[in-house]
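# Observations on chain architecture
Okay, here's what each chain looks like letter by letter:
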Amino acid sequence: MNNGANIKQFKLIKFINENCDDDHVISKISIVLRRDKVEAPYYMDTKIRLSSCIDMQDNGIIHAMNLLNHNRMHNLTEEKYNEIKSLIIDMFDNEDEEDQVKIFKDDKRLKIVLMSKNDDEFMNLFENYHELFDKIDNLID
């Protein structure tokens, strides 16, 4: 039964960020493309975690609260897999790794991890990588 409740995950986290009064929202987004599964040869797994630091003292978190812990698994067509993989390679391969972006790749797996520690960094992720986020969100009708 489909009740139209397919969530556009990146639109959701952007909405949460824009409507949250806390400037200390920490995000961790990981996107993994894999080709090592027999039953699903073109596979993508996205994981999104948002946490809020209630207060900080002497560079230590006093209290943190999980706002969102979301995981979505995709079985992709070969065409969509290659399209997303090419987009990731084009966006991230030529950049020097920075604190916000980590890239891991081997013959069968490509993984990127995007992290932000405050509101400005979070919005920077959306400005820089909205094309990738939109492409993944648009896999869901």
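A brief report on the enclosed structure follows. (Residues numbered from 1 in each chain as written. Predicted model: local features only at pLDDT ≥ 70, side-chain atom pairs only at ≥ 80, totals over all residues. Heavy atoms only, no water.)

## Focus on the layout of surface pockets
What counts is decided by this rule: The distinction between a cavity and a pocket rests on a 1 Å grid over the protein atoms alone: a 1.4 Å probe fits inside a cavity but cannot get out, while a pocket stays open yet meets protein on both sides within 12 Å along at least five of seven lines, and a residue with an atom within 4 Å of a point counts as lining. Grid points are joined across faces, edges and corners, and a volume is the space filled by probe spheres set on the points. A run of DSSP states H or I qualifies as a helix once it reaches four residues; a run of E qualifies as a strand once it reaches two. Both are numbered from the N-terminal end. Note that Gly is not counted as nonpolar here; it falls among the polar residues with everything else outside the nonpolar set of Ala, Val, Leu, Ile, Met, Phe, Trp, Tyr, Cys and Pro and the charged set of Asp, Glu, Lys and Arg.
What the largest pocket holds in volume is close to 210 Å³. Lining the largest pocket are 13 residues; nearest its centre among them are S30, V32, D45, K47 and K111. At the level of elements, strand 1 (25-34), strand 2 (43-57) and strand 5 (109-116) are the ones that each hand at least two residues to the lining of the largest pocket. Looking at the lining of the largest pocket, its residues break down into 5 nonpolar, 2 polar and 6 charged.

## A short note on the nonpolar core
Stated precisely, the cut-off is as follows: Among buried residues, the Ala, Val, Leu, Ile, Met, Phe, Trp, Tyr and Cys ones that are joined through side-chain atoms within 4.5 Å form a nonpolar core. Exposure categories follow from relative accessible area, calculated using a 1.4 Å probe and restricted to protein chains: below 20% of the type maximum is buried, above 50% is exposed, and the middle band is partly exposed. In what follows, residue pairs with any heavy atoms lying within 4.5 Å of each other are defined as contacts.
Residues F10, I13, I31, I88, F92 and L132 are the most contacted members of the largest nonpolar core, which totals 30 residues. Those elements that place two or more of their residues in this core are helix 1 (9-18), strand 1, strand 2, helix 2 (78-92), strand 4 (101-105), strand 5 and helix 3 (119-137). Residue contributions to this core peak at 7 residues, all from helix 3. Apart from residues no more than four positions distant in its own chain, I31 is found in contact with F10, M44, D45, T46, I88, L110, K111, I112, L132 and I136.

## Things to note about the pattern of salt bridges
The criterion, for reference: The salt bridge criterion pairs a side-chain nitrogen of Lys or Arg with a carboxyl oxygen of Asp or Glu, the two atoms within 4 Å.
In the structure shown here, the tally under the stated rule is 3 salt bridges. Across the pair K14 and E18 runs a salt bridge, and its minimum N-O distance is 3.9 Å. On the criterion of helical spacing, the pair formed by K14 and E18 is a turn pair, its members being 4 residues apart in helix 1. Here K14 falls in the partly exposed class, since its relative accessible area comes to 29%.

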